Amino acid sequence: MQDAAAISAVSAASRGASNRTAERLRIVARNVFPFLVVGAIWEAVAWAGVFPLRLFPPIETVAQTFVELTLNGILPMHALETVVRLLAGFAIAAVGGIAIGIAMGRSKRAEDIFLPLVSIFAPIPGLAYAPLFLLWFGLGNVSAVLLVGFVSMFAVIFNTWTGVKAVKQIWVRSAQAMGADNKRLFRHVILPGALPYILTGLRLGLAQAWRILVAVEMLAAVPQGLGWMIFGAREFLNTDVMLAGIAVIAIIGLILEKFVFQKLEDYTVVRWGMMAL
């Protein structure tokens, strides 16, 4: 009897492990499949001669250029410069946007002051501000970082304000009835309730920061950066270099999403039960 029970337990554990492995493989296949389809279409267009190969290189040419630029240090150098500017500008947007959004959500006076300004300036394309920032702060890193922070701040403000306003009043009244002061109310009720919205705002702000930074790296006459490299490659019709730079931007964005935002969600809103996986 004991041997039969042990064999049954081992068999059940083996089946469970097999099911988990199969599920992981299905997830990987589901994530990889769209890239395989796009890659196949790209290769077909490249070798069909619709465009000259110099303007529409096949994937193997782009991959070879990517490896060469990485090994000789060109891609890492430009990527580092861009990431430093991105993080500096995005830090300004995150701190300022969250502070203003929380103030708007908690104070009617702050909402009356900031909401009209944010509503007017947010829809204006980020590049429209670039000439002003270049005139005010000059060419170089300062204008690029400040412009990135300014443009990407609006998404953070809007989502933080919405999140604070969306916190259920029954939670607030219950906490107040149990004697929570403003500090505890904010820490244990307002912030956890608004955090999913704040994280969404940070994601949207980061996407805007990427878009404006890549464009402004050429306009601001910075010496290095992925945007500078992409625009420079365009002058010599080096499409493979441009695509390699775009691939690095995508990889950095994926890393920030998987290892920053997703981990932050796991340790906060998912752990607190504010959002399900």
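Every chain is numbered independently, its residues counted from 1 as its sequence is written. Side-chain atom pairs in this predicted model are given and counted only at pLDDT of 80 or more, local residue features only at pLDDT of at least 70, and totals for whole chains, interfaces and linings cover all residues. Only hydrogens and water are removed before side-chain values are computed, so all heavy atoms of the structure are retained for them.

Asker: What's the story with the packing of aromatic side chains in this structure? I'm lost.
Answerer: Given two aromatic rings, their pairing is described by the distance between the two centres and the angle made by the two planes. Any two of the Phe, Tyr and Trp rings considered here, Trp counted by its six-membered ring, make a pair once their centres fall within 6.5 Å; the pair's planes then place it as stacked at under 30 degrees, edge-to-face at over 60, or tilted in between. Per the counting criterion, the structure on display carries nine aromatic pairs. Between the aromatic rings of Phe51 and Phe56, the centroid separation amounts to 5.4 Å while the plane-to-plane angle is 15 degrees, which identifies the pairing as stacked. Burial here depends on accessible area, computed with a 1.4 Å probe over protein chains only, as a share of the maximum for the residue type. Under 20% is buried, over 50% is exposed, and the range in between is partly exposed. The exposure class assigned to Phe56 is buried, which follows from its relative accessible area of 16%. Taking the centre distance of 5.1 Å and the plane angle of 80 degrees together, the rings of Phe150 and Phe154 count as edge-to-face. Linking Phe150 with Phe154, this pair stays in helix H6 (residues 141-166), spanning four residues, or about one helical turn. Elements are defined by DSSP. Helices are runs of H or I of four residues or more, strands are runs of E of two residues or more, and each kind is numbered from the N terminus.

Asker: Any chance you could explain the nonpolar core here in plain terms?
Answerer: The nonpolar side chains of soluble globular proteins are, as a tendency, buried together. Nonpolar cores are built from buried Ala, Val, Leu, Ile, Met, Phe, Trp, Tyr and Cys residues. Side-chain atoms within 4.5 Å join them into one set. Membership of the largest hydrophobic core comes to 45 residues, with the highest contact counts inside it found for Leu147, Leu202, Trp210 and Leu226. For this core, the secondary structure elements donating two or more residues are helix H3 (74-106), helix H5 (126-137), H6, helix H7 (169-177), helix H8 (182-219), helix H9 (226-235) and helix H10 (239-267). Per-element accounting of this core gives the leading share, 15 residues, to H8. We call two residues in contact whenever any of their non-hydrogen atoms come within 4.5 Å of each other. Discounting residues that sit within four places of it in the chain, Leu202 has contacts with Phe90, Ala94, Ile98, Val156 and Phe261. In terms of nonpolar packing, the next biggest core, distinct from the first, is built from eight residues, Met104, Phe154, Ile157 and Trp161 among them.

Asker: Looking at this structure, how should I read unusual backbone geometry?
Answerer: As a rule of thumb, non-glycine residues mostly have phi less than zero, and peptide bonds are mostly trans rather than cis. Look at Leu237: it is not a glycine, yet its phi comes out positive at around 60 degrees. With respect to the element layout, Leu237 can be found in the loop between H9 and H10. Judged by relative accessible area, Leu237 falls into the partly exposed class, the value being 45%.

Read these as geometric descriptors, not functional statements.
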